[in-house]
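Remarks on the overall topology
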Amino acid sequence: VDNPGSVSTSGGAGGIIELVSWDNETLWTYKVDDSTQIQHHDIHFTPHGTIMMIIWQKKELDEIVANGFDTLSYFQRSILTDYIIEIDPITDSIIWEWHAWDHLIQDYDVTVDNYGVVADHPELLDINFIGATGNQAGRADWMHCNGIDYNAVLDQILLSCKNTNELYIIDHSTTTAEAAGHTGGNSGKGGDFLYRWGNPQAYDSGLSSDQQLF
């Protein structure tokens, strides 16, 4: 991070990806780093020559409240949510993206469209689940996704998130528009989770004794 206006300077924040030759010549640079978003932790080079990366995006108080966030239980007034972009390094264009923010469920505010029974929707992410412990509990870094990988055979993405203690698999065969919804792609489920593993507490389907990933 070399930008004092970065949305985050915490561990894992990067903001700049470079391709460097063996002779230390910078061949290519891509930057995502401003007051609203920053690239962090991991990237993945696909067999297609594209690059997938994880990005933190800041969501302000009005937007998180409008999505059913329980501000009475959690003291932060903004959160960092994660999304994925896939870029073509030849043209520097974003050719696909997926946002966790498009796949929310909550049982706190009945007036919000995403209100529902969390346990009935394991394909969605509970906006009010905070899995982090210690000094990270209830803080703005909500998901803290650390790792991304890609299965070219199934055209699926695997995402690993520290603060929910879960792995997620999502469908990459969707268009960006389909990835923002709940239908489309090879799975017919859009950008919803096809599979999740590690911490059933995150979707009201288990106890701490059932947690498998830490």
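To keep things clear, this report deals only with the structure shown in the data block. Because the structure is a prediction, the values reported are computed rather than measured.

What follows concerns the sheet that holds strand 12 (residues 195-197). Taken in spatial order, the 4 strands of this open sheet run 9-10-11-12, and their pairing is antiparallel. Looking along the sheet, the strands with just one partner apiece sit at the ends: strand 9 (145-151) and strand 12. Between one strand and the next, the sheet's axes are offset by a mean angle of 15°, whatever the strand orientation. Pairing between strand 9 and strand 10 (residues 156-161): 6 bridges, direction antiparallel. In the strand pairing of strand 10, Asn151 is matched with Gln156.

Another point: the pairing of strand 11 (residues 166-171). Pairing analysis gives 6 bridges linking strand 10 to strand 11, with the strands arranged antiparallel. Bridge assignment links Leu159 to a residue of strand 11, and that residue is Tyr168. Counted along the chain from strand 10 to the antiparallel partner strand 11, the turn is 4 residues long, and its residue Asn165 has a positive phi close to 55°. As defined by bridge partners, strand 11 adjoins strand 12 across 3 bridges and the pair is classed as antiparallel. Looking at strand 12, one finds that Ile169 is bridged to Tyr195.

This part covers the sheet that holds strand 4 (residues 51-60). Pairing is antiparallel in the open sheet, where 4 strands are placed in the order 3-4-5-6. The outermost strands of the open sheet, each flanked by one partner alone, are strand 3 (37-45) and strand 6 (93-99). Taking each pair of neighbouring strands and ignoring which way they run, the sheet shows an average axis angle of 30°. With 10 bridges connecting them, strand 4 and strand 5 (residues 78-88) associate as antiparallel partners. Residue pairing in the sheet places Met52 in a bridge with Glu86 of strand 5.

Extensive coverage of strand 4 is indicated by the burial of 8 of its 10 residues. Here strand 3 runs beside strand 4; their pairing, made up of 7 bridges, is antiparallel. Across the sheet, the residue bridging to His40 is Ile54, located in strand 4. The turn joining strand 3 and strand 4, which pair antiparallel and follow one another in sequence, is formed by 5 residues; a positive phi near 85° is taken by Gly49.

Conventions we followed
Residues numbered from 1 in each chain as written. Predicted model: local features only at pLDDT ≥ 70, side-chain atom pairs only at ≥ 80, totals over all residues. Heavy atoms only, no water. Pairing = 2+ DSSP bridges. Helix = DSSP H or I, 4+ residues; strand = E, 2+ residues; numbered from the N terminus. Axes fitted to C-alpha atoms, helices over the stretch in contact; angles between N-to-C directions. Buried < 20%, exposed > 50% of the residue type's maximum accessible area, 1.4 Å probe, protein only.

These results come straight from atomic positions and should not be treated as a statement about function.
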